[in-house]
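What follows is the residue order along each chain.
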Amino acid sequence: SLPRLLIVYPWTQRFFDNFGNLSSPTAIIGNPKVRAHGKKVLTSFGDAIKNLDSIKGTYSKLSELHCEKLHVDPENFRLLGDILVIVLASHFGRDFTPACQFAWQKLVGVVAHALARKYH
Amino acid sequence: MVLHANDKSNVKAVFAKIGGHAEEYGAETLERMFAAYPQTKTYFPHFDLAKGSAQVKGHGKKVAAALVEAANHIDDIAGALSKLSDLHAQKLRVDPVNFKLLGQCFLVVVASHNPSLLTPEVHASLDKFLCAVGTVLTAKYR
């Protein structure tokens, strides 16, 4: 999802100046820092899923981090969430039913909201 | 948002691959949109929105035809969709945010039926195209 975000919405690359070569889709997809960060982000989604009743709590510190240190516009969380849904659709095909998409669009929305919650 | 030469050829390639399935994709896009974004149903109080609805299928066909038309006239989407643009401005007045939701669902449909087709680059081009269509349809709103 992360390489796809950086390719589909290139302005999101602004947060990854120190990631090295982002000059082309091939470079982005092959970039080890991008892959590592993508893994971190998805692992964090996994944590949310394990703690569906306390997503705000799960993301509290990450929210502060994204605001105070990383200075990421929360709109980017929504963009990443939409990309993740599309990646899931391409992996699961017909099994990614409308009901499934509904649940996941809600989840990515809740995660984006939780990440933006501590912004000030 | 400008559609470059590679975007245009990516979009045309997608629609060529979709071919005769466009109507089916249109219907599924609407079905997904009503399911994932229930607020979009407010524009269709006069429709039966149950699964398999003939009205949804019929409307999906119309939506797909418009996207195909835009893709076939990709150098002048505004011209190709001018009447639809008038319709949306004067009569339908669908809030602009909803075009992004429809676009998301269309991408999901394409992805779920053709995983290998929607590479990141093609995804980017198709997303830009859908944005352009939404922009044209809301251009005359005010």
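A quick note: this is a predicted structure, and the numbers were derived from the prediction, not measured.

So, the pattern of salt bridges
Side chains that differ in sign of charge can pair as their charged atoms come close.
All names here are of chain B.
Argument step 1. Counted according to the given criterion, the structure contains eight salt bridges over all chains.
Argument step 2. The residue Glu-28 makes a salt bridge to Arg-32 at a minimum N-O spacing of 2.9 Å. Separated by four residues within a single helix, Glu-28 and Arg-32 lie in helix α2 (residues 22–36), roughly one turn from each other.
Argument step 3. Owing to a relative accessible area of 16%, Glu-28 belongs among the buried residues under this scheme.
Argument step 4. Since its relative accessible area comes to 2%, Arg-32 is described here as buried.
Argument step 5. The closest approach of N and O atoms between Lys-51 and Glu-31, which form a salt bridge, is 3.1 Å. Linking Lys-51 in the loop between α2 and α3 (54–72) with Glu-31 in helix α2, this pair joins segments that are 20 residues apart in sequence.
Argument step 6. With relative accessibility at 27%, the residue Glu-31 sits in the partly exposed group.

Topic: the interface of chain B and chain A
Argument step 1. In this complex, chain B contributes 22 residues to the contact, which on the side of chain A involves 20 residues.
Argument step 2. Roughly 1900 Å² of surface becomes buried between chain B and chain A when both sides are summed, with 61% attributable to carbon and sulfur atoms.
Argument step 3. Area buried by chain B at its contact with chain A is led by B:Arg32, B:Pro120 and B:His123, which between them contribute 26% of it.
Argument step 4. Here A:Asp82 ties to B:Lys100 by a salt bridge, and the two come within 3.5 Å at their closest N and O atoms.
Argument step 5. Here chain B and chain A share 10 residue pairs in polar contact (both at pLDDT 80 or more) between them.

Let's talk about the UniProt feature "domain: Globin" (unreviewed entry) in chain A
Argument step 1. Taking the UniProt record as the reference, the feature "domain: Globin" (unreviewed entry) is found at residues 1–120 of chain A.
Argument step 2. Helix makes up 70% of residues 1–120 of chain A and strand 0%. Its end C-alpha atoms lie 27 Å apart.

Brief notes about the environment of A:Ala103
Argument step 1. Topologically, A:Ala103 is positioned in helix α6 (residues 98–116).
Argument step 2. Put simply, A:Ala103 and A:Tyr59 are 44 residues apart on the chain and 19 Å apart in space, counted from C-alpha to C-alpha.

Thoughts on unusual backbone geometry
Argument step 1. Non-glycine residue A:His71 carries a positive phi angle of around 55°.
Argument step 2. Using a relative accessible area of 55% as the deciding quantity, one classes A:His71 as exposed.
Argument step 3. Its identity is not glycine, yet B:Arg93 carries a phi of approximately 45°, on the positive side.

Cut-off values and rules
Residues numbered from 1 in each chain as written. Chains lettered and ligands numbered in written order. Predicted model: local features only at pLDDT ≥ 70, side-chain atom pairs only at ≥ 80, totals over all residues. Heavy atoms only, no water. Salt bridge = Lys/Arg side-chain N within 4 Å of Asp/Glu carboxyl O. Helix = DSSP H or I, 4+ residues; strand = E, 2+ residues; numbered from the N terminus. Buried < 20%, exposed > 50% of the residue type's maximum accessible area, 1.4 Å probe, protein only. Contact = heavy atoms within 4.5 Å. Buried area = accessible area lost by both parts, 1.4 Å probe. Polar contact = N/O pair within 3.5 Å; in protein donor to acceptor, adjacent residues only side chain to side chain. UniProt positions renumbered as here; feature names shortened; annotations may be inferred.

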